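Inside the fold
Residue strings, one per chain:
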Amino acid sequence: MNNPNLWDNPDLARVLLQKKSAREKSLDELNSMIKEYTNLCELYELAPDDTDVLNAIEKLSDVVHRAKFITLFREPADKNGAFLFIQAGAGGTEAQDWAQMLSRMYSRWAERHNFGIEIVEEHEGDTAGIKNITYRISGERVYGWLKNEIGVHRLVRISPYNANGKRQTSFASVDVWPDIDDTIEIEINEKDLRIDTYRSSGAGGQHVNKTDSAVRITHIPTNTVVTCQNERSQIQNREMAMKMLRSKLYELELQKRAAEEDAAKAAQKKIEWGSQIRNYVLYPYQLVKDVRTNVENTDSTSVLDGDLDDFMLAALQRA
């Protein structure tokens, strides 16, 4: 029997080309690091005390450190961008302020790594902070880095909203799903969708949206709901909402497979109060600790300013 031509199968050919492209890109990154290392060695010999050279060496060291973990990105969507959703927990203004602090933290993390970030939807708090926010973050392996941030984040501090200056505990949840592209197929039956339109919310004034341009899509079989209101038109909001829905259904499928393979791993991904993955203590001492990996950082200001790599790398190793 003659062996069939693999390239006669378009699906198999597409997968092989994707793998080839990914390996070529990793090789290019490795060669680029080697070239940068060689150049810096020569510069260091000429000017060992030059500040720019020392800063470049430190920057390359960080790049190499992160590159060691590339082999841990094994899911097809790990290389993609991601949608990041932050939801304030119970507790009114306290929790909503904490959700906004987390929002800034992840925004600063994205900026540190030159990832693109845009707001898809945001609901402001009643007095301060935010009730929830959805970011779309674009860049190489964003989902691979962020996927282990899913869960409940707990804050302990002296409340700026408590007249008695008492210590307050607040919760917010983080959800992440991949920004999948056309290389990952997700079938959605239009009959399974309920599409609603409503007026976009905002800060008011001249920018108030006076038409029902915001879109909410419900996938009835899974009760998955996505909303988008920040695009310029209802058509654009619907397109973005459909993209988010495809991505969330993909993430649900990943969780389903994880549940079948490893119940403990699936439990790690559940978002429910009382199962925080990380504690941020600002009083009576300064400490951010991941309860899964036991990684700690006493510089809470730096962490809240986006210094999250050590936590993410440890979670990748653990997973």
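Computed from a predicted structure; not experimentally measured.

So, on to the layout of surface pockets. Space inside the second largest pocket adds up to approximately 810 Å³. Lining the second largest pocket are 27 residues; nearest its centre among them are K59, D62, V63, R66 and H113. Elements with a contribution of two residues or more to the lining of the second largest pocket: α1 (10–46), α2 (51–67), α3 (93–112) and α8 (309–318). For the lining of the second largest pocket, the leading source of residues is α2, giving eight residues. Residue classes in the lining of the second largest pocket are distributed as 11 nonpolar, five polar and 11 charged.

Within the secondary structure, R157 sits in strand β4 (residues 151–158). Engagement of the side chain of R157 in a polar contact is seen with the side chain of E94, the distance being 3.3 Å. Residue contacts for R157: discarding those within four places in its chain leaves E94, D97, M101, K166, R167, Q168, L282 and Y283.

This part takes up the sheet that holds strand β2 (residues 116–124). Strand order in this open sheet of eight strands is β2-β3-β1-β5-β4-β9-β10-β11, and the pairing throughout is mixed. The sheet terminates laterally at β2 and β11 (296–297), the two strands that pair on one side only. Relative to strand β5 (residues 167–179), β4 runs antiparallel, the two sharing eight bridges. The residue bridging H153 from the neighbouring strand is A172, located in β5.

Before going further, it helps to examine the pattern of salt bridges. This structure, assessed with the given rule, holds 16 salt bridges. A salt bridge links R141 to E29; the shortest N-O distance between them is 3.4 Å. Taken as a pair, R141 in the loop between β3 (130–138) and α4 (142–146) and E29 in helix α1 lie far apart in primary sequence, 112 residues in all. In this structure E29 comes out as partly exposed when scored by relative accessible area, which is 24%. Measuring nitrogen to oxygen at the nearest pair gives 3.2 Å for the salt bridge that ties D290 to R278. Of this pair, D290 sits in strand β10 (residues 287–290) while R278 is found in strand β9 (residues 276–281), placing the two residues 12 residues apart along the sequence. You can call R278 buried: its relative accessible area is 0%. Sharing partners across several salt bridges, the network here consists of R104, R108, E111 and D305.

Thresholds, definitions, all that
- Residues numbered from 1 in each chain as written.
- Predicted model: local features only at pLDDT ≥ 70, side-chain atom pairs only at ≥ 80, totals over all residues.
- Heavy atoms only, no water.
- 1 Å grid on protein atoms, 1.4 Å probe; cavity = no way out; pocket = protein on both sides within 12 Å on 5 of 7 lines; lining within 4 Å.
- Points joined across faces, edges and corners; volume = space filled by probe spheres on them.
- Helix = DSSP H or I, 4+ residues; strand = E, 2+ residues; numbered from the N terminus.
- Nonpolar A, V, L, I, M, F, W, Y, C, P; charged D, E, K, R; others polar.
- Polar contact = N/O pair within 3.5 Å; in protein donor to acceptor, adjacent residues only side chain to side chain.
- Contact = heavy atoms within 4.5 Å.
- Pairing = 2+ DSSP bridges.
- Salt bridge = Lys/Arg side-chain N within 4 Å of Asp/Glu carboxyl O.
- Buried < 20%, exposed > 50% of the residue type's maximum accessible area, 1.4 Å probe, protein only.

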